[in-house]
Amino acid sequence: MNVLNEKGLEAILAPDNLRAAYLKVKANRGAAGVDGIGVVQLAEHLRRHWSVIEQKIRRGQYEPGLLRPVVIPKPGGGQRELNIPTTQDRLVQQAIAQPLSEVFEPLFSHHSYGYRPGRSAHDAVRQMRHYVVQEARSVLVEVDIHGFFDEVNHDILMQRISDEVQDKGVLRLIGRYLRCGKLVNNRKVRHRGKGIPQGGPLSPLLANIYLNRMDRELEERGCYFVRYADDITLCCKTEEEAEQLLAWLTDWLWKKLKLRVNRKKSGLRPPEEGSFLGFRVERGGRIAMSRKSVEAFKQEVRRLLDARNAWRWAELIKRWNSYLRGWWGYYRLSEWHEAERLSRWCRRHVRKLCWLRWHNWKGRRNALARLGAKGHHAYIAYSSRGAWRVAASPSVQAVLTNRRLRDWGFVTPSDLVAAASA
């Protein structure tokens, strides 16, 4: 018998489980919810109120707080809404997720990689490359589920959970988190009877529980596929096989899980043109950033290195390096034959930024003189060409050398590749 059937709410409210949940919430930090209580204030809040909270949970009277909606940009364009629970509710959700994960983790498919212990996005991408290279499955089917987290059917999800967890107190508590409302313009917006609010510790696990039935169905059909949360890529040998599989899965998802496939974003792709978790597989099996990811990177470079930003140089360098190191932490999986090309492009943007910040020919002449420009290099100050063209000129590059930019603290992808290889 699993721990939730054996102990019910006691498994969630066990001191060791609550302590682990608190440490996890504290480590994840995150913004405050609608009550304004952040992670720093959470310990004192719990000291004062936990006895009351615990009694409400035991009696089935606990009502989660309203969610705080936050809109964030998607890397490939568009926006995604996150719904931020209070830190108190993040603690309770984490306390639920830990024993619930123990129940369902052994039941999950080995094709599923998202938000699971010992598995990562990089593992999923490597597995996709294995299918493409070692299994010669060079036709990819990228499946985009339309608004997945907003469309999850509560009845179907709760049935999946109750197949393994029969304790009514646990099911009631999970159900209340699913039905939790949110605060929009100081007004409560109620749930619609469907959807998993993104932003809490429980939502990734619930998503995996919901889609596990699809994973098992694909396995029974002998499919080669990789799933990370709601990102799904099927690997086929022929276009005919791929088209049939996509048509079948589109029909199956609607009939069994009430989910719609976004036909505009889904379809067949060769590996070198695909985009799975921001990566693609080039000819020869080399992993590279997808074209969407490269464009998203360039958009962020343009934003950070926009001359209209009022940041001082030290603040700009701090923001730039913080972004680049976080970006590198994820995209270091790429086999970086394109690092120098991207680095040249970034350095050109820095030179353009400097040129525009020098304002006019007098400011440019004085700045170039301070930087030691001599002879014909100094005359670039009087150029009437646009900033982007000037930034690529030999004269500006001779003054704003790669070494000088590096000494100023400006890091490029090439620098990070070199550091990782050292």
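Located above this text is the structure these notes cover.
Since we're looking at a predicted model, the values are computed, not measured.

A closer look at helix α4 (residues 39–59)
- Along α4, the sharpest change in direction is near 65° and occurs at H49.
- Listed as buried for α4 are V39, L42, H45, L46, W50, I53, E54 and I57.
- Looking at the packing, one finds that the buried side of α4 touches α2 (9–13), α3 (15–28), α5 (87–104) and α9 (168–178).
- Just past α4, the residue G60 takes up positive phi, approximately 75°.

Comments concerning the pattern of salt bridges
- If you walk through the whole model with that rule in mind, you get 25 salt bridges.
- A salt bridge links E44 to R47; the shortest N-O distance between them is 3.1 Å. Taken together, the residues span about one helical turn, with E44 and R47 both in helix α4 at a distance of three residues.
- When its relative accessible area of 35% is taken as the criterion, E44 is described as partly exposed.
- Using a relative accessible area of 64% as the deciding quantity, one classes R47 as exposed.
- For R347, the salt bridge identified is with E340, shortest N-O distance 2.6 Å.
- Using a relative accessible area of 5% as the deciding quantity, one classes R347 as buried.
- Taking the relative accessible area as the measure of exposure, E340 reaches 34% and is therefore partly exposed.
- Through salt bridges with shared partners, one network takes in E10, E54 and R58.

Topic: the environment of L218
- Relative to the helices and strands, L218 resides in helix α10 (residues 203–220).
- Its relative accessible area of 0% is what places L218 among the buried residues.
- When the C-alpha atoms of L218 and L249 are compared, they prove to be 8.7 Å apart, with 31 residues separating the residues in sequence.
- Filtering out sequence-adjacent residues up to four positions away, L218 remains in contact with C223, F225, L234, L245, W248 and L249.

What to know about a nonpolar patch on the surface
- Together, W361, Y379 and Y382 line one region of the surface with nonpolar side chains, adding up to about 390 Å² of accessible area.
- The residue Y382 is located in the loop between α15 (361–370) and α16 (387–391) in this model.

Re the side chain of R280
- By the secondary structure assignment, R280 is in strand β9 (residues 279–281).
- A polar contact of 3.2 Å, which involves the side chain of R280, links it to the side chain of E282.

Notes on the packing of aromatic side chains
- Using the criterion set out here, one finds 19 aromatic pairs in the structure.
- For the ring pair F104 and F108, a centre distance of 6.4 Å and an interplane angle of 25° mean the geometry is stacked.
- Its relative accessible area of 5% is what places F104 among the buried residues.
- You can call F108 buried: its relative accessible area is 6%.
- When the ring of W320 is compared with that of Y323, the centres are 6.4 Å apart and the planes differ by 50°; the resulting orientation is tilted. Here Y323 and W320 lie together in helix α13 (residues 313–331), a separation of three residues that amounts to about one turn.
- Exposure remark for Y323: the relative accessible area of 21% places this residue in the partly exposed category.
- One residue, R119, lies across the ring of Y113, its end atom 4.4 Å from the ring centre.
- Its guanidinium or amino end placed over the ring of W254, K258 lies 5.5 Å from that ring's centre, counting from NZ or CZ.

Here is what the cut-offs are and how they apply
- Numbering of residues starts from 1 in every chain and runs along the sequence as written.
- The predicted nature of this model means local features are confined to residues of pLDDT at least 70 and side-chain atom pairs, given and counted, to a pLDDT of 80 or more, with totals for whole chains, interfaces and linings taken over all residues.
- Note that water and hydrogens are dropped before the side-chain values are worked out from all heavy atoms of the structure.
- Here the bend at a residue is taken as the angle between two axes, fitted respectively to the seven residues that end there and the seven that start there.
- Numbering of helices and strands starts at the N terminus; helices are DSSP runs of H or I of at least 4 residues and strands are runs of E of at least 2.
- Exposure classes here rest on a 1.4 Å probe applied to the protein chains alone. A residue is buried below 20% of its type maximum, exposed above 50%, and partly exposed in between.
- Note on contacts: a residue pair qualifies if any of its non-hydrogen atoms lie within 4.5 Å across the two residues.
- By definition, a salt bridge exists where a carboxyl oxygen of Asp or Glu is found within 4 Å of a side-chain nitrogen of Lys or Arg.
- What goes into a patch is any residue over 30% in relative accessible area without a salt bridge, connected to like charges within 9 Å or, for nonpolar side chains (Val, Leu, Ile, Met, Phe, Trp, Tyr), within 5 Å.
- With residues, only the protein chains shown are counted as cover, and all accessible areas are computed by Shrake-Rupley using a 1.4 Å probe.
- We define a polar contact as two N or O atoms separated by no more than 3.5 Å, with the added condition that, inside protein, one atom must be a possible hydrogen donor and the other a possible acceptor, whereas residues neighbouring each other in sequence contribute only through side-chain atom pairs.
- Each Phe, Tyr or Trp ring (for Trp, its six-membered ring) is paired with any other whose centre lies within 6.5 Å, and the angle between the two planes then decides the class: stacked below 30 degrees, edge-to-face above 60, tilted in between.
- In our convention, an over-ring charge means Lys NZ or Arg CZ found within 6 Å of a ring centre and within 35 degrees of that ring's normal.

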